[in-house]
Amino acid sequence: MKKLCVVLSFLIVFALGSIAFTHIKLGGIIGKITPGDAAFTVSLVAATDTLKAEISQGVFTFTNLKEGVYSVVVKANAPYKDAIIERVAVKDSATTDLGEIKLQQ
């Protein structure tokens, strides 16, 4: 009986340990703005949180994002118009590619 209790205790501790140390898998969002010099900021909005990304030759990347739904806000330089892409879904360990975002004049 004592051996059974020791074995069951070991299994319970092992099971709880494996659950406690699982890593949160993070995703991302990438996209390209055309024309490349048309935007000056790209922001990611989730509820009340906002995150900004660098734009390099029109390309932007958001990394280390938790699974969820976001809005991407592109602030444009004149004469281009701002753009908002809503309901961008991010899944665990996946990068969502928005492709080419063409800003209108």
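These remarks concern the structure in this document. (Residues numbered from 1 in each chain as written. Predicted model: local features only at pLDDT ≥ 70, side-chain atom pairs only at ≥ 80, totals over all residues. Heavy atoms only, no water.)

1. Considerations on the side chain of Thr34
Then, in step 1: Relative to the assigned elements, Thr34 resides in strand E1 (residues 27-34).
Then, in step 2: A relative accessible area of 18% means that Thr34 is categorised as buried.
Then, in step 3: For Thr34, the side chain forms a polar contact with the side chain of Glu100, separated by 2.9 Å.
Then, in step 4: Leave out the neighbours within four places in its chain, and Thr34 touches Glu100, Ile101, Lys102 and Leu103. (Helix = DSSP H or I, 4+ residues; strand = E, 2+ residues; numbered from the N terminus. Buried < 20%, exposed > 50% of the residue type's maximum accessible area, 1.4 Å probe, protein only. Polar contact = N/O pair within 3.5 Å; in protein donor to acceptor, adjacent residues only side chain to side chain. Contact = heavy atoms within 4.5 Å.)

2. Overview of the packing of aromatic side chains
Then, in step 1: According to the stated counting rule, one finds 1 aromatic pair in the structure shown.
Then, in step 2: Taken together, a centroid distance of 6.0 Å and an interplanar angle of 65° make the contact between Phe60 and Phe62 edge-to-face. (Phe/Tyr/Trp six-rings, centres within 6.5 Å; stacked < 30°, edge-to-face > 60°.)

3. A look at the nonpolar core
Then, in step 1: Counting residues in hydrophobic clusters, the biggest one holds 19 residues, and the most contacted among them are Ile29, Phe60, Phe62, Val72, Val74 and Leu103.
Then, in step 2: Elements represented by at least two residues in this core include exactly E1, strand E2 (39-46), strand E5 (59-65), strand E6 (68-76) and strand E7 (83-90).
Then, in step 3: The leading source of residues in this core is E6, at 4 residues.
Then, in step 4: Setting aside anything within four residues of it in sequence, one finds Phe62 in contact with Gly28, Ile29, Val42, Ser43, Leu44, Leu51, Lys52 and Ala53. (Core = buried A, V, L, I, M, F, W, Y, C linked by side-chain atoms within 4.5 Å.)

4. A few points about the sheet that holds strand E8 (residues 95-102)
Hydrogen bonds between backbone groups are what pair the strands of a sheet, and the pairing can be parallel or antiparallel.
Then, in step 1: Judged by pairing direction, the sheet is mixed, and its 4 strands sit side by side in the order E4-E5-E1-E8 without closing on themselves. Sheet topology places strand E4 (55-56) and E8 at the edges, where each strand pairs with a single neighbour.
Then, in step 2: In terms of strand pairing, E1 meets E5 through 5 bridges, oriented antiparallel. The residue of E5 that forms the bridge with Ile30 is Thr61. (Pairing = 2+ DSSP bridges.)

5. Things to note about the pattern of salt bridges
Then, in step 1: In total, this model carries 2 salt bridges according to the counting rule given.
Then, in step 2: A salt bridge links Asp82 to Lys75, with the shortest nitrogen-to-oxygen separation between them at 3.7 Å.
Then, in step 3: Overall, Lys75 belongs to the partly exposed group, its relative accessible area being 36%.
Then, in step 4: Glu86 serves as the salt-bridge partner of Arg87, at 4.0 Å between the closest nitrogen and oxygen. Each member of the pair Arg87 and Glu86 is classed as exposed. (Salt bridge = Lys/Arg side-chain N within 4 Å of Asp/Glu carboxyl O.)

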